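Examining the three-dimensional arrangement
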Amino acid sequence: MAQTVVRKCRNPKCGKEFPSKTSRALYCSPDCNRQFHRDKHCTTLTFNIGNIRIQINDLTPGTDHAALQKSIIDSLPTELIEQAHMLELPEGAEPYHAVVNN
Ligand SMILES: [Zn+2]
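Scope of this entry: the structure provided in the associated data block. Once a new chain begins, its residue numbering starts again from 1 and follows that chain's sequence as written. Under the rules for a predicted model, residues below a pLDDT of 70 receive no local features and side-chain atom pairs below 80 are neither given nor counted, while totals for whole chains, interfaces and linings still include all residues.

In this section: the overall build of the protein chain. Helix and strand definitions here come from DSSP, where helices need a minimum of 4 consecutive H or I residues and strands a minimum of 2 consecutive E residues; each element is numbered from the N-terminal end. Counting secondary structure elements, the protein chain contains 3 helices and 5 strands. Taken from the N to the C terminus, the helices and strands of the protein chain come in the order β-β-α-β-β-α-α-β. What the globule rule says is 2.2 Å times the number of residues to the power 0.38, and the radius of gyration is computed from C-alpha atoms. Computed over its C-alpha atoms, the radius of gyration of the protein chain comes to 17 Å, more than 25% above the 13 Å expected for a compact globule of 102 residues. Exposure in this text rests on C-beta crowding, where 20 or more other C-beta atoms within 10 Å of a residue's own make it buried, 12 or fewer make it exposed, and counts in between make it partly exposed. The C-beta atoms are placed from the backbone. Among the 102 residues that make up the protein chain, the fraction classed as buried is 10%. By the criterion used throughout, residues are in contact when their C-beta atoms, derived from the backbone, lie within 7 Å. Considering only contacts in the protein chain between residues 6 or more positions apart, those separated by 24 or more positions represent 46%.

Before going further, it helps to spend a moment on the pairing of strand β5 (residues 96-101). In terms of burial, β5 is largely open, as just 0 of its 6 residues are buried. Between any two strands, pairing holds if DSSP finds at least two bridges. Here 6 bridges tie strand β4 (residues 52-57) to β5, and the two strands are oriented parallel to one another. Bridge assignment links Arg-53 to a residue of β5, and that residue is His-97.

A few words on the sheet that holds β4. Taking strand neighbours across the sheet as the criterion, the 3 strands line up as β3-β4-β5 in an open arrangement whose pairing is mixed. Single-partner strands in this sheet number two, and they are β3 (45-49) and β5. Taken pair by pair, the neighbouring strands of this sheet meet at an average axis angle of 20 degrees, ignoring direction. Taken together, the 5 bridges between β3 and β4 define a ladder with antiparallel strand orientation. Counterpart to Ile-49 in the pairing with β4 is Ile-52. The axes used here are C-alpha line fits, helices contributing only the stretch in contact, and every angle between their N-to-C directions lies in the interval 0 to 180 degrees. Here helix α2 (residues 65-75) sits on the sheet in contact with β3 and β4, set at roughly 40 degrees to β3.

Time to look at unusual backbone geometry. Within the chain, Asp-58 stands out as a residue other than glycine whose phi angle is a positive 60 degrees. Inspection of the secondary structure assignment puts Asp-58 in the loop between β4 and α2. Looking at Asp-58, the number of C-beta atoms within 10 Å reads 9, which means it is exposed.

In C-alpha cells form, the structure reads like this:
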C-alpha cells in the first residue's frame, strides 16, 4: 500500500492540509495550482468587502495577494467594513467598485 503524507497546500489563499501520495505534490487540487500561478503573474488584485469591490492595479508580479488583501482589510476601520456589509444595492446591481492604482 502506498504511503500517504499530509501536506499543506502551497496556495496561501488555501493553505488546506491534504493527503498526498507523492512527496512532490504542492497543491491540494489542480485548481489551487492554477490559481496560485495566476496570482503570481497577475498584477491586479480584486476582492469584495461586503458590497464594495476593491481593485488594486499595477502590483509587482509575485506579490502575495492573500497577505496584501489581509493587510488592507486589517487597516480599514471596523465601522467602514460594517457599513460595506450593510450597503444595500438595487436588485441585480454589481457591487460598488473602488479602483486603486499602485
Ligand atoms: Zn489548495
